[in-house]
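# Coordinates in review
Listed here are the chains, written in short residue letters.
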Number of protein chains: 2
Amino acid sequence: MNGQDCIFCKIVSGEIPSAKIYENKNVLAFLDIGPVSSGHTLVIPKSHYQMVHECPADVLSSVAEVLPKIAAAVYGAMEADGYNVLCNNGRAAGQLVNHVHFHIIPRKHSDGVFNSWPAFKYGSGELQQITEKILRHLR
Amino acid sequence: MNGQDCIFCKIVSGEIPSAKIYENKNVLAFLDIGPVSSGHTLVIPKSHYQMVHECPADVLSSVAEVLPKIAAAVYGAMEADGYNVLCNNGRAAGQLVNHVHFHIIPRKHSDGVFNSWPAFKYGSGELQQITEKILRHLR
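Residues numbered from 1 in each chain as written. Chains lettered and ligands numbered in written order. Predicted model: local features only at pLDDT ≥ 70, side-chain atom pairs only at ≥ 80, totals over all residues. Heavy atoms only, no water.

Okay, a negative patch on the surface next. There is a patch of like negative charges on the surface, built from Asp58 and Glu65 of chain A together with Asp58 and Glu65 of chain B. For the negative patch, the secondary structure elements donating two or more residues are α2 (57-77) of chain A together with α2 (57-77) of chain B. Mapped onto the elements, Asp58 of chain A comes out in helix α2. (Patch = residues over 30% accessible without salt bridge, like charges linked within 9 Å, V, L, I, M, F, W, Y side chains within 5 Å. Areas by Shrake-Rupley, 256 points an atom, 1.4 Å probe, with all protein chains shown as cover. Salt bridge = Lys/Arg side-chain N within 4 Å of Asp/Glu carboxyl O. Lys, Arg positive; Asp, Glu negative; His and termini not counted. Charge placed at Lys NZ, Arg CZ, Asp CG, Glu CD. Helix = DSSP H or I, 4+ residues; strand = E, 2+ residues; numbered from the N terminus.)

This is the structure in structure tokens:
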């Protein structure tokens, strides 16, 4: 499957060049050219799906299978203190390219890259209510 | 494998209760009790590993296999406009519980949950330099 005018599909096909980190039959990893930290890497399935929930299980697991070794290489090479693995799904979540992609973002202590974590507590009964709502949507 | 004094291992064993969303042999999903948005869900492998790069490939792919259907349920139930799938690795990256976990964070347009995306451009030659450095660490 190929997304028409999808920049990541063009990177997969080689039409657009990339700083390639890893490639196998199903997965490609390359450096983000607009990084939020040095070594910021993108890992994508070669087939075109927009969001995680639209991916067949085997497509997403083929990405997951190689994620540990790619993360290890990025983490080690950048001498990072940690890293985020982040997949934004939909514009509302910050997705800019409509081809599912996992950011590996090397982090240093107190680098200030991401600061916001606006955690709150549920009101009485809310946890149970939301659980039931999600369970009704589970197929 | 079990992490001594790991709160998520205790949730897996049932010693600590949770608002369970999904469970199979290898994976558990439950609501985060300190959510950053309503419906914020955690998906974890039952076995204890701290970070993505420490997970055997099959452990991470067992999580990935069920991620689409859990994400679909959370996204649908919360009538979200999008969602982040986020795994923080190490304190520097915001990891608070040392058991690898994937946040599914439902998002609404302009909800302000995460705003920071401090992208920059690499200097001349830097992209190539970093690519080579990461490739040398790839095993």
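The next thing to look at is the relation of the copies chain B and chain A. Between chain B and chain A, the superposition needs a rotation of 180 degrees and an axial shift of 0.0 Å, giving an RMSD of 0.0 Å. These values place the two chain copies in the arrangement generated by a two-fold rotation axis. Taken together, the interface assignments show that 100% of the residues at the interface of chain B recur at the interface of chain A, consistent with an identical surface on both copies. (Least-squares fit on C-alpha atoms with pLDDT ≥ 70 in both. Contact = heavy atoms within 4.5 Å.)

Here we come to the packing of aromatic side chains. All names here are of chain A. Per the stated rule, a full pass over the model turns up eight aromatic pairs over all chains. A centroid spacing of 5.5 Å and a plane angle of 75 degrees characterise the contact between Phe8 and Phe30, whose relative ring orientation is edge-to-face. Placement of Phe8 in helix α1 (residues 7-13) and of Phe30 in strand β2 (residues 27-31) is noted, with a sequence separation of 22 residues between them. An identical accessibility class is assigned to Phe8 and Phe30; each is buried. (Phe/Tyr/Trp six-rings, centres within 6.5 Å; stacked < 30°, edge-to-face > 60°. Buried < 20%, exposed > 50% of the residue type's maximum accessible area, 1.4 Å probe, protein only.)

Turning our attention to the packing of α2 of chain A against helix α3 (residues 126-137) of chain B. Between α2 of chain A and α3 of chain B, whose axes approach to 8 Å, the crossing angle comes to 120 degrees. Viewed along their axes, α2 of chain A and α3 of chain B adopt a mutual orientation that is oblique. Note on packing geometry: the crossing formed by α2 of chain A with α3 of chain B is right-handed. In contact with Ala73, Val74, Gly76 and Ala77 of chain A of α2 of chain A, α3 of chain B contributes Lys133, Ile134 and His137 of chain B. Its residues assigned to classes, the contact of α2 of chain A with α3 of chain B shows four nonpolar, two polar and one charged. (Axes fitted to C-alpha atoms, helices over the stretch in contact; angles between N-to-C directions. Parallel < 35°, antiparallel > 145°, perpendicular 65-115°, else oblique. Left-handed = near helix turned anticlockwise from the far one by under 90°. Nonpolar A, V, L, I, M, F, W, Y, C, P; charged D, E, K, R; others polar.)

With that out of the way, let us pick up the side chain of Asn88 of chain B. Residue placement: Asn88 of chain B occurs in strand β4 (residues 82-89). Within the structure, the side chain of Asn88 of chain B is placed 2.7 Å from the side chain of Asn84 of chain A, a separation counted as a polar contact. (Polar contact = N/O pair within 3.5 Å; in protein donor to acceptor, adjacent residues only side chain to side chain.)

We now examine the sheet that holds strand β2 (residues 27-31) of chain B. Strand order in the open sheet formed by 10 strands is β1(A)-β2(A)-β3(A)-β5(A)-β4(A)-β4(B)-β5(B)-β3(B)-β2(B)-β1(B), with antiparallel pairing between adjacent strands. With partners counted over all chains shown, the strands left at the sheet margins are β1 (20-23) of chain A together with β1 (20-23) of chain B, one partner each. Taken pair by pair, the neighbouring strands of this sheet meet at an average axis angle of 20 degrees, ignoring direction. The pairing of β1 of chain A with β2 of chain A spans three bridges and is antiparallel. Pairing of Lys20 of chain A across the sheet is with Phe30 of chain A, part of β2 of chain A. (Pairing = 2+ DSSP bridges.)

Residues and elements named next belong to chain A. With five of five residues buried, strand β3 (residues 41-45) is to be regarded as a mostly interior element. On β3, burial covers both faces: Thr41, Val43 and Pro45 on one face and Leu42 and Ile44 on the other are all buried. Sheet analysis places β2 next to β3, joined by five bridges and oriented antiparallel. Looking across to β3, one finds that Ala29 is bridged to Val43. Pairing of β3 with strand β5 (residues 102-107) involves three bridges; the strand directions are antiparallel. In the sheet register, Val43 faces β5, and the bridge partner there is Phe102.

With respect to the helices and strands, the residue Asn84 of chain A is situated in strand β4 (residues 82-89). One polar contact links the side chain of Asn84 of chain A to the main-chain carbonyl oxygen of Ala93 of chain B, over a distance of 2.9 Å. In this structure Asn84 of chain A touches His103, Ile104, Ile105, Arg107 and Phe114 of chain A together with Leu86, Cys87, Asn88 and Ala93 of chain B, once residues within four positions along its chain are discounted.

The next thing to look at is the pattern of salt bridges. Pairing between side chains becomes possible if they bear opposite charge and their charged atoms approach one another. Scanning all chains against the criterion turns up six salt bridges over all chains. With its nearest N and O atoms 2.9 Å apart, the salt bridge here joins Asp111 of chain B to Arg107 of chain B. Among the residues examined, Asp111 of chain B registers a relative accessible area of 28% and is labelled partly exposed. In this structure, a network of salt bridges that share partners links the residues Lys20, Glu23 and Lys46 of chain A.

Looking at soluble globular proteins, one finds that nonpolar side chains tend to be buried together. Formed by 64 residues in total, the largest nonpolar core has its most connected members in Val52 of chain A together with Val52 of chain B. Not counting the four nearest positions on each side in its chain, Val52 of chain A is found in contact with Leu60, Cys87, Asn89, Val100 and Phe102 of chain A together with Leu67, Pro68, Ala71, Tyr83 and Val85 of chain B. (Core = buried A, V, L, I, M, F, W, Y, C linked by side-chain atoms within 4.5 Å.)

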